[in-house]
Amino acid sequence: MPRVILMPHGTWGKDAADWQGSAEEWREKMRQAVQEAQTEAKPADRYLLLTPEELVSMPVSGYRIKHILPTEGVAVIYGAPKSGKTFLVLDAAGAITEGREWFGYRTRQSPVVYIGLEGQGGLAQRWQAYSRIKAQARQAELRFVTAPWSILHSGDLGELADAVLAAGCEGGVTIVDTLNAASPGADENSSVDMGRIVSGAKELQRQVGGLVWLVHHSGKDTSLGLRGHSSLTGAVDAIIEVTRDESGDRREWRVERAKDGPESDPIPFALSVVELGEDEDGDAITSCVVEVREADPNERRKPKKPPGGNQKLALKAIEVALRGQVTTARGAHPTSAPASATKRL
């Protein structure tokens, strides 16, 4: 492929026809010009080969909430409807903005952008309740977006990133509540569509920096974890699960998966009702705030779920298969009593 080389200028002129030196000098000038052009065009080294000493001297990954959320990347919090996940996320957003501890975990203060795409009126009431009970001095560094927005649309990603940068909120935490509302028309069970969602989340993170935190739902079978294709599980840096028992009185959250940290035991919390005023009919307007609940040491804990989506599917298949079999107990047990293998899993 032909290349254009700029001639080195000198006292001899600006055109090859002006050259008055020898042919050898001409070839040397041309060689120098080619070398200079190649040096200028050489890109920066893309692959840097680190020594072990250089590797261990690299900065340690930071945190936004210690042992829970990293400073950078993509994270997910999920749970069934009415589990309290949005209240929990809003509470965490306030703690990060204010730099206060959250459930006893340290936080690193940063701005937070909360994209609330479901129930904007309810979101306003929830923040009003939080402000009355917990809010401190740094509320100005928490911003809300309630306009329709799609994680699949490059124009929406760019415009949101511009707004975040203009507000000085880059490098903080960007919360998307919920992933479903931010991906209209997408099939979460499709590997193609989930790939587009993950790509959109990572592109948003690339443009605004910091952490992108997705609020998501669990599937119909809550034991299988995140709703939708399992590629989401492998693509994120942290996963937090929120649960609520059948009575509705006990709520818990736990770190289900963290790339650079340990999982956590379930941490109980409660929702406390806050009265905000009265509506036009004289009825009370209420919302809730998150309260830390002390764990009961005598309470029997549920066994930990397997962390991987494939492991959960395998365990579920084993349980279904075992339920279809009855094994008569042996030894000292009554011969009429079936032995349940699933209880020992």
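Residues numbered from 1 in each chain as written. Predicted model: local features only at pLDDT ≥ 70, side-chain atom pairs only at ≥ 80, totals over all residues. Heavy atoms only, no water.

**Thoughts on the sheet that holds strand β4 (residues 112-116)**
Quick reminder of the rule: Any two strands are treated as partners once DSSP identifies two or more bridges connecting them. Secondary structure elements follow DSSP: runs of H or I of four or more residues count as helices, runs of E of two or more count as strands, with numbering from the N terminus. All axes here are fitted lines through C-alpha atoms, helices being fitted over the stretch that makes contact, and every angle between N-to-C directions spans 0 to 180 degrees. Here, residues are in contact when the closest pair of their heavy atoms is within 4.5 Å.
Taken in spatial order, the nine strands make up an open sheet running β5-β4-β6-β7-β3-β8-β9-β10-β11, and their pairing is mixed. In this open sheet, the two strands that pair with only one neighbour each are β5 (142-145) and β11 (284-292). The sheet shows a mean angle of 25° between the axes of neighbouring strands, taken without regard to direction. Of the pairings in the sheet, the one linking β4 to β5 comprises four bridges and is parallel in character. Bridging across to β5, Val113 finds its partner in Arg143. Where helix α4 (residues 120-133) meets the sheet, it contacts β4, β5, β10 (267-278) and β11, and its direction lies at approximately 60° from that of β11. In the packing of helix α6 (residues 191-208) onto the sheet, the strands contacted are β3 (73-79), β6 (173-177) and β7 (211-217), and the crossing angle to β7 comes to about 150°.

**Quick notes on the packing of helix α5 (residues 154-166) against α6**
What counts is decided by this rule: For classification, angles of less than 35 degrees are called roughly parallel, those exceeding 145 degrees roughly antiparallel, those between 65 and 115 degrees roughly perpendicular, and all remaining angles oblique. By definition, any crossing whose near helix is turned counterclockwise from its far helix by less than a right angle is left-handed, and any crossing with a clockwise turn is right-handed. For this scheme, ten residues count as nonpolar: Ala, Val, Leu, Ile, Met, Phe, Trp, Tyr, Cys and Pro. Four count as charged, namely Asp, Glu, Lys and Arg, and the remainder, Gly too, count as polar.
Between α5 and α6, the shortest axis-to-axis distance is 9 Å and the interhelical angle comes to 30°. With respect to each other, α5 and α6 are oriented roughly parallel. When you trace α5 past α6, the crossing you get is right-handed. Each of Leu157, Gly158, Leu160, Ala161, Val164 and Leu165 in α5 lies in contact with α6, whose residues at this interface are Gly200, Glu203, Leu204, Gln207 and Val208. Its residues assigned to classes, the contact of α5 with α6 comprises seven nonpolar, three polar and one charged.

**What to know about unusual backbone geometry**
Convention followed: Whether a residue is buried, partly exposed or exposed follows from its accessible area with a 1.4 Å probe, protein chains only, as a fraction of its type maximum: under 20%, in between, or over 50%, in that order.
Thr178 follows Asp177 through a cis peptide bond whose omega is 10°. Counting through the fold element by element, Thr178 comes out in the loop between β6 and α6. In this model, Lys82 sits at a positive phi of 70°, which is unusual for a non-glycine residue. Of note, Lys82 is situated in the loop between β3 and α3 (85-98). A residue is classified by how much of its surface remains accessible, and Lys82, at 67% relative accessible area, is exposed. Even without a glycine there, the phi angle at Phe103 is positive, about 55°. Within the secondary structure layout, Phe103 lies in the loop between α3 and β4.

**Things to note about α6**
In plain terms, the rule: To estimate the expected span of a helix, subtract one from its residue number and multiply by 1.5 Å. The arc in question is traced by the directions running from the helix axis to the C-beta atoms. Whenever a nitrogen or oxygen atom comes within 3.5 Å of another N or O atom, the pair is scored as a polar contact, on the condition that within protein one atom can donate a hydrogen and the other can accept it, and that pairs from neighbouring residues in sequence are kept only if both atoms are in side chains.
The end-to-end C-alpha separation of α6 is 26 Å, in line with the 26 Å expected for 18 residues at 1.5 Å each. Residues of α6 that are buried include every one of Asp193, Met194, Ile197, Val198, Gly200, Ala201, Leu204, Gln205 and Val208, and no others. Seen end-on, α6 carries its buried residues on one side only, within an arc spanning 155°. Pointing more than 90 degrees away from the buried face of α6 are the exposed residues Val192 and Arg206. Residues of α6 that are buried sit in contact with β3, α5, β6, β7 and α7 (231-235). Its side-chain oxygen at 3.2 Å from the backbone nitrogen of Val192, Ser190 defines the N-terminal cap of α6.

**Structural notes on the packing of aromatic side chains**
This is how it is decided: Aromatic contacts are taken between Phe, Tyr and Trp rings whose centres are within 6.5 Å, Trp giving its six-membered ring; a plane angle under 30 degrees counts as stacked, one over 60 as edge-to-face, and the others as tilted. Placement of a positive charge over a ring is assigned whenever Lys NZ or Arg CZ falls within 6 Å of the ring centre and within 35 degrees of the normal to the ring plane.
Counting across every chain of the model gives seven aromatic pairs. Grouping aromatic residues by their ring pairs yields a cluster made of Trp102, Phe103, Tyr105 and Trp253. Lying over the aromatic face of Phe87, Arg126 brings its terminal NZ or CZ to 4.3 Å of the ring centre.

**Considering empty space enclosed by the protein**
We count it as follows: The way it works is a 1 Å grid over only the protein atoms, where trapped points that fit a 1.4 Å probe form a cavity and open points with protein on both sides within 12 Å along at least five of seven lines form a pocket, and then any residue with an atom within 4 Å of a point lines it. Grid points are joined across faces, edges and corners, and a volume is the space filled by probe spheres set on the points.
For the structure shown, the criterion picks out one cavity of 30 Å³ or more. By volume, the largest cavity is sized at about 60 Å³. Listing elements by their share of the lining of the largest cavity, those giving two or more residues are α3, α4 and β11. Among the residues forming the lining of the largest cavity, the class breakdown is six nonpolar, no polar and two charged.

**Observations concerning the environment of Glu203**
Tracing the sequence through the fold places Glu203 in helix α6. Separated by 2.7 Å, the side chains of Glu203 and Arg206 make a polar contact.

**Quick notes on the pattern of salt bridges**
Note the cut-off: Here, a salt bridge means any side-chain nitrogen of Lys or Arg that lies within 4 Å of a carboxyl oxygen of Asp or Glu.
This model, assessed by the stated rule, comprises nine salt bridges. The salt bridge partner of Glu203 is Arg206, with a shortest N-O separation of 2.7 Å. Placement of both Glu203 and Arg206 in helix α6 is noted, with a separation of three residues, approximately one turn of the helix. What makes Arg206 exposed here is its relative accessible area of 58%. Put simply, Arg254 and Glu256 hold a salt bridge, and the shortest N to O gap is 3.8 Å.

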